[in-house]
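One letter stands for each residue in the lines below.
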Amino acid sequence: MATQPKAQVDTRVVVETPEGVDFRFVIAGPGKRGISFLIDWLLKATVVGFAIFISTFFALFGDLGQGFFGFGFLITLFLLDWGYGSLFEAFWNGQTPGKRLLSLRVVRTNGTPITFLTAVGRNFLLAADQQPAIIFPLFTVGIIATLTSRRMQRLGDRAFDTMVVDETRDWITRSPGITQGVEALTRAECPRRFHVPERTLAVIERLFESDRIIPDLRREEIAKTLSVSLRKRLGYEEPAPPQFRNPHAYFERSPLIHTLFLRRVLKTFVDDKNTDEEARRNRLKTGVAETALRSNSSSRRPGLSKTSENDQDVSLDQWVSSANIETIDTNTDWIVGENFETYGDQRSSNL
Amino acid sequence: MNRERFIKQRRSDWQTYETLLSRLKTSWFSKWSSRDIADLSRLYRSICYDLSLVQSREWGQRLEQYLNDLVAQGHNCLYRSPPQSPDLVWNFLARGFPRLLRKRIGSFLLALGLFLIPFLAGTIAGAMRPDLAELVVGRESLDQVREAYGKSFYEGFDTEFAGQRTSMAGFYVFNNVGIAFKAYSLGSFLGIGTAFILLSNGITIGMITGYVISEPDLTNNFFSFVITHGAFELTAIVISGAGGLVLGQGMLFPGNMSRGASLRHHGQESLQLALGAGVMLGIAALIEGFFSPMPIHPMIKYVVGSTMWILVILYLSLAGREVVTTEESP
């Protein structure tokens, strides 16, 4: 908490764990939360429709049938009204079906999972947040409360000390759009040095992050500072413009040379393994056990083939405990790229 | 340490951790083996250290993001709220709830005043001038009251009784508990919403009572019907109102806390009041559904009803007064 700056320009919140490590949460805004609310609402409406259907069917069975299904129907309505969000969030670790679809989660502001009472409380206060609700909840109160709060908390969140975080994983992965249609630099173009540290690449990426809305010309202006010193380091010389050119065509094309240069740098030095990484994560999500075993038995390493031959269906428990550096493929490309350097080296080459 | 060497060295741990996490996430908390928990907490601590190392040396956004992700997932797994036992519910109803109400007696009395004063005023006005009652609650409602209480409810215990009353019990849960929770929830508008609901309900119910008093053929039926479940229903409405007022109090009078902290401080207690009221209203709905309209002599209902009132008052004022030991205190 201590590291949280006063003036906040994005929606990240830093939480300090008892281990003394800061980690970041991305706060979900009213837009995503609105969509997840709509999904939940539609789901509830479907259940109500289904309940009406069933109760009309059972109404044919005389007084008793009518009574029991009237009871069931009204209790369903009540539970959907007051229990849907509360119980889902309490027993599904802060998620409703709508939130799960959009990978949102309710956590307490210290980053820990919510408790039963907290989940119930914040959902009870939804009745206040969704005012004015004449036919459909307009959420005016909730939206005002959300926008005036640093952690985008509606009244229910404020009273019960919770926040809704966005767990979408790829919020900082490399966008392929930046480097599309750009030629990579060649060695011949950079006679002095052919290497850019990861840190610098990260800075360039930040400049192109899609949630930062910067006009092109302004971006060019910012890019210039970095571009000029990078050119000097790499020894890159801008090819001389064509001798003869039409001044009008020049302005139309508006070359933005520094932006272009930085994009070329990214294209050249970022070893983009986005797709591989995604595939890896999907594998992890769907079937850990199978993947683990398959990778175990299909590994070509000599130390491993011995065990995998002996027991094909070794339990995951054993696999995890026996896992050590030899048994795991140590290909680090997905994280490092080909370029790496020592810590000291990086400091000295700091831009 | 060299960045690549660091990754090479630590990566096996990260993978073990990831596999372990995704396995634990899908299995139920109580089924985790002690070995898993020990492994998880050891790996979690070491990854926390890795993250802080990467952060301080600025070894790239992607690596940092990856480790941040691992830490967040582990944090979610390890620091969860302790599993709750059914004991907790019993303890709350047997001791915690009445204790809390007595602690918040000021809000309760205020809510009681907000409900009782317009109720009494409405009763007197409605009894003396039924035309005024018609003006306030409307002709249709009074006609419904007349129809409902003009005759005895049922002739005997048959399927008509069972069917209709079951469905009505559902309606009482849906309607009354819903109103009580809403009254609580609207307390977050500085308590004004709650006050409004209490006042308007007080006036309406008072006016109807007054109208019934002014019509002698309805009186006996009406009072024998409402007395039993009223013990739970009316007190519960006032208590959920008290919950809403506690919430409003937290916003209006923060004392020496910040307004946000004060709201959080009052939030938990106010919610407990509302939940307790919800349980009482559930009981009330069952009584109103099945006992109150029974075709039995009104005298029995009066006796049972008065007993209920005494029991509710005794429960709220005396339950949980035994000596508090340290484990029990909240």
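Please read these numbers as outputs of a predicted model, since none were measured by experiment.

Enquirer: I'm lost on the overall build of chain A in this one. Help?
Expert: Scanning chain A from terminus to terminus reveals 18 helices and 4 strands. The proportion of buried residues among the 351 residues of chain A is 43%. Within the structure as shown, chain A displays about 19500 Å² of accessible surface, and the carbon and sulfur contribution to it stands at 59%.

Enquirer: Sorry, what's going on with the overall build of chain B here?
Expert: Along the backbone of chain B there are 12 helices and 0 strands. N-terminal to C-terminal, the α/β element order of chain B is α-α-α-α-α-α-α-α-α-α-α-α. The buried share of chain B, taken over its 330 residues, is 51%. If you take every contact in chain B between residues at least 6 apart in sequence, the share linking residues at least 24 apart comes to 79%. Entry remark: accessible area of chain B is about 15300 Å², with carbon and sulfur atoms responsible for 66%.

Enquirer: Would you mind showing me how to read the confidence of the model for chain B here?
Expert: A low pLDDT score tells you not to read the predicted coordinates there in detail. Per-residue pLDDT for chain B averages 86, and the proportion of residues at 70 or more is 94%. Averaged pLDDT values over the elements of chain B bottom out at 80 in helix α3 (residues 61–78) of chain B and peak at 94 in helix α5 (residues 105–128) of chain B.

Enquirer: Would you mind showing me how to read the pairing of strand β2 (residues 22–27) of chain A here?
Expert: Note on strand geometry: in a regular strand, side chains alternate between the two faces of the sheet. Residue and element names in this part refer to chain A. The buried fraction of β2 is high, at 5 of 6 residues. Relative to β2, strand β1 (residues 12–16) runs antiparallel, the two sharing 5 bridges. If you follow Val-13 over to β2, its bridge partner there is Phe-25.

Enquirer: Help me understand the sheet that holds strand β3 (residues 104–108) of chain A, please; the structure alone is not making it clear to me.
Expert: Strand pairing in a sheet relies on backbone hydrogen bonds, with the paired strands running either antiparallel or parallel. Residues and elements named next belong to chain A. The strand order β1-β2-β4-β3 describes an open sheet built from 4 strands, whose pairing is antiparallel. Of all strands in the sheet, those with a lone pairing partner are β1 and β3, marking the two edges. Each adjacent strand pair in this sheet contributes to an overall mean axis angle of 50°, direction not counted.

Enquirer: Sorry, what's going on with unusual backbone geometry here?
Expert: Most peptide bonds take the trans form, and the phi angle of most residues other than glycine is negative. Residue and element names in this part refer to chain A. Residues Gln-131 and Pro-132 are joined by a peptide bond in cis, for which omega reads -10°. By the element assignment, Pro-132 lies in the loop between α6 (126–129) and α7 (140–147). The backbone phi angle of Asn-93 is positive, close to 50°, even though this residue is not glycine. Following the sequence through the fold, Asn-93 ends up in the loop between α3 (84–91) and α4 (97–101). Residue class for Asn-93 comes out partly exposed when judged on its relative accessible area of 22%.

Enquirer: Whenever I open this one, the packing of aromatic side chains confuses me. Can you help?
Expert: Given two aromatic rings, one states the distance between the centres and the angle between the planes to describe the pair. What the rule picks out here adds up to 17 aromatic pairs over all chains. Ring geometry for A:Phe91 and A:Phe116: centres 6.0 Å apart, planes at 50°, overall tilted. On the criterion of sequence distance, the pair formed by A:Phe91 in helix α3 and A:Phe116 in helix α5 (residues 116–124) is long-range, its members being 25 residues apart. Here the aromatic cluster, defined as three or more aromatic residues joined through ring pairs, consists of A:Phe78, A:Trp82, A:Phe124 and B:Phe181.

Enquirer: Which parts of the structure should I look at to understand the packing of helix α1 (residues 3–26) of chain B against helix α2 (residues 34–57) of chain B?
Expert: Helix-helix packing is characterised by the crossing angle of the two axes and by the distance between the axes. All names here are of chain B. Packing of α1 against α2 brings their axes to within 10 Å, and their N-to-C directions diverge by 135°. For the element pair α1 / α2, the angle class is oblique. For the crossing formed where α1 meets α2, the hand is left-handed. Residues Phe-6, Arg-10, Asp-13, Trp-14, Thr-16, Tyr-17, Leu-20, Leu-21, Arg-23 and Leu-24 of α1 lie in contact with α2, whose contacting residues are Asp-36, Asp-39, Leu-40, Leu-43, Tyr-44, Ser-46, Ile-47, Asp-50, Leu-53 and Val-54. Each residue belonging to the contact of α1 with α2 can be placed in one class, and the counts come to 12 nonpolar, 2 polar and 6 charged.

Enquirer: What am I meant to see in the side chain of A:Asp166 here?
Expert: Residue and element names in this part refer to chain A. Mapped onto the elements, Asp-166 comes out in strand β4 (residues 162–166). Within the local environment of Asp-166, its side chain forms a polar contact with the side chain of Lys-32, the two groups lying 3.1 Å apart. Setting aside residues no more than four positions away along its own chain, Asp-166 makes contact with Val-26, Ile-27, Ala-28, Lys-32, Leu-102, Ser-103 and Leu-104.

Enquirer: Can you help me understand helix α12 (residues 257–269) of chain A in this one?
Expert: It helps to recall that an α-helix has 3.6 residues per turn; residues three or four apart then point in one direction. Residues and elements named next belong to chain A. With 13 residues, α12 extends 18 Å between its outermost C-alpha atoms, agreeing within 8% with the 18 Å of an ideal straight helix rising 1.5 Å per residue. By the burial criterion, the buried members of α12 are His-258, Thr-259, Phe-261, Leu-262, Arg-264, Val-265, Leu-266 and Phe-269. Elements that come into contact with the buried residues of α12 comprise α9 (198–208) and α10 (216–234).

Enquirer: Explain the pattern of salt bridges here, please?
Expert: Summed over all chains, the structure comprises 19 salt bridges over all chains. Measuring nitrogen to oxygen at the nearest pair gives 2.8 Å for the salt bridge that ties A:Asp157 to A:Arg122. Taken together, the positions of A:Asp157 in helix α8 (residues 155–160) and A:Arg122 in helix α5 put the pair 35 residues apart, joining distant regions of the chain. The residues A:Asp157 and A:Arg122 share a single accessibility class, namely buried. For B:Arg146, the salt bridge goes to B:Glu215, with nearest N and O atoms at 2.1 Å. Residue B:Arg146 is found in helix α7 (residues 139–150), and its partner B:Glu215 is found in the loop between α9 (192–214) and α10 (216–252); the two are separated by 69 residues along the sequence. Here the salt bridges do not stand alone but share partners, grouping A:Arg33, A:Glu89, A:Lys99, A:Arg122 and A:Asp157 into one network.

Enquirer: Please clarify how the nonpolar core should be interpreted in this entry.
Expert: Side chains that are nonpolar tend, in soluble globular proteins, to be buried together. Core analysis: the largest hydrophobic core is formed by 62 residues, its most contacted members being B:Tyr184 and B:Ile239. Top element by residues in this core is α10(B). It accounts for 14 residues. Contact partners of B:Ile239, with chain neighbours within four places excluded, come to B:Phe97, B:Leu101, B:Phe108, B:Leu273, B:Ala277, B:Met280 and B:Leu316. A:Met163, B:Tyr17, B:Leu43 and B:Leu70 belong to the second largest nonpolar core, which has 34 residues in total.

Enquirer: Can you walk me through the packing of helix α8 (residues 159–185) of chain B against helix α11 (residues 259–291) of chain B in this structure?
Expert: All names here are of chain B. The contact between α8 and α11 brings their axes to 8 Å, and the two run at 160°. Relative to α11, the element α8 lies roughly antiparallel. When the axes of α8 and α11 are compared, the crossing they make is right-handed. Contact with α8, carried on its side by Phe-161, Arg-165, Thr-166, Ala-169, Tyr-172, Val-173, Asn-176, Val-177, Ala-180, Phe-181 and Tyr-184, involves Gly-267, Ser-270, Leu-271, Ala-274, Gly-278, Leu-281, Gly-282, Ala-285, Glu-288, Gly-289 and Phe-290 of α11 and no other residues of that element. In the contact of α8 with α11, the residues fall into 13 nonpolar, 7 polar and 2 charged.

The rules we used
- Residues numbered from 1 in each chain as written.
- Chains lettered and ligands numbered in written order.
- Predicted model: local features only at pLDDT ≥ 70, side-chain atom pairs only at ≥ 80, totals over all residues.
- Heavy atoms only, no water.
- Helix = DSSP H or I, 4+ residues; strand = E, 2+ residues; numbered from the N terminus.
- Buried < 20%, exposed > 50% of the residue type's maximum accessible area, 1.4 Å probe, protein only.
- Areas by Shrake-Rupley, 256 points an atom, 1.4 Å probe, with all protein chains shown as cover.
- Contact = heavy atoms within 4.5 Å.
- pLDDT = per-residue confidence, 0-100.
- Pairing = 2+ DSSP bridges.
- Axes fitted to C-alpha atoms, helices over the stretch in contact; angles between N-to-C directions.
- Phe/Tyr/Trp six-rings, centres within 6.5 Å; stacked < 30°, edge-to-face > 60°.
- Parallel < 35°, antiparallel > 145°, perpendicular 65-115°, else oblique.
- Left-handed = near helix turned anticlockwise from the far one by under 90°.
- Nonpolar A, V, L, I, M, F, W, Y, C, P; charged D, E, K, R; others polar.
- Polar contact = N/O pair within 3.5 Å; in protein donor to acceptor, adjacent residues only side chain to side chain.
- Expected span 1.5 Å × (residues − 1).
- Salt bridge = Lys/Arg side-chain N within 4 Å of Asp/Glu carboxyl O.
- Core = buried A, V, L, I, M, F, W, Y, C linked by side-chain atoms within 4.5 Å.

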